[in-house]
Amino acid sequence: MGYDANNIFARMVRGEIPCIRVHEDADTLAFMDIMPQADGHTLVIPKVAGENLFDTAPDSAAAAIRTTQRVARAVRSAFSPAGLIITQFNGAAAGQTVFHLHFHIVPVYTSGAWRPHAREKADPAALEAQAARIRAALAAG
Ligand code: 5GP
């Protein structure tokens, strides 16, 4: 099976469907996960087509990692979690459900439950409020 140019993340890159953005540059896009595992759960994608880490050009993967590091710092600064997990799944067997390379930034809190992966939609207003905190942390540098 090849890359599906109509996957949900590719459509976000083209602006065909909305997402709650926290960062965008020429090569990457970062936005709130609609079914977050924890408050502040953010996704980072390269803009180019590529199902996973293996079939994305190294420069594009590197750009996505750079943005992941920058946004993860902002998430840490905005939410002060006890820890923070970065994940990236390759293939359905590994848990991948959207087939465009992406990195998860998931804060870990000492109190509060870890919600299941890609299960429950969060309140959009809550996601907007979280995104505002991340954008502010990014702006603060
Ligand atoms: P994967 O399972 O492929 O690693 O992760 C895909 C992620 O995309 C999941 O965490 C899921 O919650 C998230 N997701 C699925 N559909 C949408 C959507 O329409 N918008 C946003 N913002 N995230 C989505």
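Refer to the preceding data block for the structure.
Quick notes on the rules
- Residues numbered from 1 in each chain as written.
- Predicted model: local features only at pLDDT ≥ 70, side-chain atom pairs only at ≥ 80, totals over all residues.
- Heavy atoms only, no water.
- Salt bridge = Lys/Arg side-chain N within 4 Å of Asp/Glu carboxyl O.
- Buried < 20%, exposed > 50% of the residue type's maximum accessible area, 1.4 Å probe, protein only.
- Helix = DSSP H or I, 4+ residues; strand = E, 2+ residues; numbered from the N terminus.
- Expected span 1.5 Å × (residues − 1).
- Arc of directions from axis to C-beta.
- Axes fitted to C-alpha atoms, helices over the stretch in contact; angles between N-to-C directions.
- Parallel < 35°, antiparallel > 145°, perpendicular 65-115°, else oblique.
- Left-handed = near helix turned anticlockwise from the far one by under 90°.
- Contact = heavy atoms within 4.5 Å.
- Nonpolar A, V, L, I, M, F, W, Y, C, P; charged D, E, K, R; others polar.
- Near = heavy atom within 4 Å.
- Polar contact = N/O pair within 3.5 Å; in protein donor to acceptor, adjacent residues only side chain to side chain.
- Areas by Shrake-Rupley, 256 points an atom, 1.4 Å probe, with all protein chains shown as cover.
- Core = buried A, V, L, I, M, F, W, Y, C linked by side-chain atoms within 4.5 Å.
- Pairing = 2+ DSSP bridges.

**Here's the deal with the pattern of salt bridges**
Thinking step 1. Tallied over the full model, the rule gives six salt bridges.
Thinking step 2. Ionic pairing is found between R11 and E16, a salt bridge with its closest N-O pair at 3.2 Å.
Thinking step 3. For E16, a relative accessible area of 41% corresponds to the partly exposed category.
Thinking step 4. Across the salt bridge formed by R21 and E24, the nearest N and O atoms sit 2.6 Å from each other.
Thinking step 5. With relative accessibility at 40%, the residue E24 sits in the partly exposed group.
Thinking step 6. One network of salt bridges, with partners in common, ties together R11, R14 and E16.

**A look at helix α3 (residues 124-140)**
Thinking step 1. If you check α3, its first and last C-alpha atoms are 24 Å apart, about what 17 residues at 1.5 Å a residue would give, namely 24 Å.
Thinking step 2. Those residues of α3 that fall on the buried side of the exposure criterion are L127, Q130, A131, I134, A137 and L138. The buried side chains of α3 occupy one side of the element, clustering within an arc of 120° when seen end-on. Turned more than 90 degrees away from the buried face of α3 sit A139 and A140, all of them exposed.
Thinking step 3. At the C-terminal side of α3, G141 shows a positive phi close to 90°.

**Digging into the packing of helix α2 (residues 58-79) against α3**
Axis angle and axis distance: for two packed helices, these are the angle between their axes and the distance between the axes, and together they describe the pair.
Thinking step 1. Running from N to C, α2 and α3 cross one another at 115°; their axes reach a closest spacing of 8 Å. In this view, α2 runs roughly perpendicular relative to α3, as classed from their interaxial angle. The handedness of the crossing between α2 and α3 is right-handed. Side by side, α2 and α3 meet where R70, V71, A74, V75, S77, A78 and F79 of the first sit next to Q130, R133, I134, A137 and L138 of the second.
Thinking step 2. Here the contact of α2 with α3 is built from residues that sort into eight nonpolar, two polar and two charged.

**A few points about the site of the ligand**
Thinking step 1. Near the ligand there are 18 residues, and of these D33, T97, H102, H104 and H117 occur at the shortest range.
Thinking step 2. Note that a nitrogen atom of the ligand is positioned 3.3 Å from one of the backbone N or O atoms of I34.
Thinking step 3. Within the side chain of H104, a nitrogen or oxygen atom sits 2.8 Å from an oxygen atom of the ligand.
Thinking step 4. Its free accessible area being 520 Å², the ligand has 91% of it covered by the protein chains.
Thinking step 5. Those elements that place two or more of their residues in the shell around the ligand are α1 (8-13) and β2 (28-32).

**As for the nonpolar core**
Thinking step 1. Counting residues in hydrophobic clusters, the biggest one holds 17 residues, and the most contacted among them are V22, M32, V71, V75, I105, I134 and L138.
Thinking step 2. Secondary-structure elements contributing two or more residues to this core are β2, α2 and α3.

**Here's the deal with the sheet that holds strand β3 (residues 42-46)**
Thinking step 1. Ordered in space as β1-β2-β3-β5-β4, the five strands form an open sheet in which the pairing is antiparallel. Edge positions in the sheet fall to β1 (21-24) and β4 (83-87), since each has one partner strand and no second. Between one strand axis and the next, the sheet turns through 15° on average, direction left out of account.
Thinking step 2. Running at roughly 20° to strand β5 (residues 103-108), α2 makes contact with β1, β2, β3, β4 and β5 of the sheet.

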